[in-house]
Amino acid sequence: MADFNEALRLDPRYATALANRGLVYLLREDPDRALADFEALVAQEPRDIQGLRGRGRARALKGDLAGAAEDADRLLALAPGAADGYEVRGLLRLLRGEFGPAREDYDRAIAINGRRWEFPLERGIARERLGDAEGARADQSLAERIVGEGRSGANPDVLARRRSALSSRLAPLGAPN
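What counts as what
- Residues numbered from 1 in each chain as written.
- Predicted model: local features only at pLDDT ≥ 70, side-chain atom pairs only at ≥ 80, totals over all residues.
- Heavy atoms only, no water.
- Helix = DSSP H or I, 4+ residues; strand = E, 2+ residues; numbered from the N terminus.
- Expected span 1.5 Å × (residues − 1).
- Buried < 20%, exposed > 50% of the residue type's maximum accessible area, 1.4 Å probe, protein only.
- Arc of directions from axis to C-beta.
- Axes fitted to C-alpha atoms, helices over the stretch in contact; angles between N-to-C directions.
- Parallel < 35°, antiparallel > 145°, perpendicular 65-115°, else oblique.
- Left-handed = near helix turned anticlockwise from the far one by under 90°.
- Contact = heavy atoms within 4.5 Å.
- Nonpolar A, V, L, I, M, F, W, Y, C, P; charged D, E, K, R; others polar.
- Core = buried A, V, L, I, M, F, W, Y, C linked by side-chain atoms within 4.5 Å.
- Salt bridge = Lys/Arg side-chain N within 4 Å of Asp/Glu carboxyl O.

1. Notes on helix H10 (residues 156–168)
- When the terminal C-alpha atoms of H10 are compared, their 18 Å separation across 13 residues agrees well with the 18 Å that a helix rising 1.5 Å per residue should span.
- Looking only at H10, the buried set comprises Val158, Leu159, Arg162, Ala165 and Leu166. The buried side chains of H10 occupy one side of the element, clustering within an arc of 140 degrees when seen end-on. With respect to the buried face of H10, the exposed residues turned more than 90 degrees away are Pro156, Asp157 and Ser168.

2. Remarks on the packing of helix H8 (residues 118–129) against helix H9 (residues 133–148)
- Orientation of H8 relative to H9, taken along the N-to-C sense of each, is 170 degrees, at an axis distance of 8 Å. If you check the angle between H8 and H9, you find them roughly antiparallel. Judged by the twist between their axes, the crossing of H8 over H9 is left-handed. Contacts between H8 and H9 involve Pro120, Leu121, Arg123, Gly124, Arg127 and Glu128 from the former and Gly135, Ala136, Asp139, Gln140, Leu142, Ala143 and Ile146 from the latter.
- Residue composition of the contact of H8 with H9, grouped by class: six nonpolar, three polar and four charged.

3. What about the nonpolar core?
- Grouped together as the largest cluster of nonpolar side chains are 34 residues, with contacts concentrated most on Leu91, Leu94 and Leu166.
- Among the elements of the structure, helix H1 (2–10), helix H2 (15–27), helix H3 (31–44), helix H4 (49–62), helix H5 (65–78), helix H6 (84–96), helix H7 (99–112) and H8 are those that each provide at least two residues to this core.
- Once you skip the residues sitting within four places of it in the chain, Leu166 turns out to touch Leu61, Leu91, Leu94, Leu95, Glu122 and Ile125.
- Membership of the second largest hydrophobic core comes to nine residues, among which are Leu142, Ala143, Val147 and Val158.

4. Points about the pattern of salt bridges
- By the definition in use, this model includes 27 salt bridges.
- For Asp84, the salt bridge is made with Arg53, and the minimal N-O distance between the two is 3.8 Å. Placement of the pair is Asp84 in helix H6 and Arg53 in helix H4, with a sequence separation of 31 residues.
- Of the residues examined, Arg53 reaches a relative accessible area of 7% and is grouped as buried.
- Across the pair Arg127 and Asp132 runs a salt bridge, and its minimum N-O distance is 3.4 Å.
- Judged by relative accessible area, which is 19%, Arg127 ranks as buried.
- By relative accessible area, Asp132 is classed as partly exposed at 30%.

What follows is the structure, encoded as structure tokens:
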């Protein structure tokens, strides 16, 4: 984090540092700071996929579901063959309590890119809410396996924090949507 801060002190418009620091903030469950970095990135590069993805996630986590929907739509229009738009739309739908459509978006994201731990973790939450405990456990195991391979930049603590943070934003199981 110190390297990103120093790079941005030297050049506040350094896109790579903005994107990477924003991702670290997302991993730390700090959507306020993440949003600031992704807003700055998208302001200078409006078609930046990573910037739109990060901003969409941060907006969704902050409760700006309309803003997250705009970013998901832009991602799907700019890169329909990439997983990013499905990921953001899946998160948005998950937070809205639209668990079936969320699962479908995560299915698409995983089919496109099966190396991202966020997709099965979040799909597992949707499956759990749909009453598919076995599918939820399988997705949790898949997310853990991806993290265990060491390519994701995450660790088991990040998985637990993400799962807890998302679950706390949803209505309790059994509550009406």
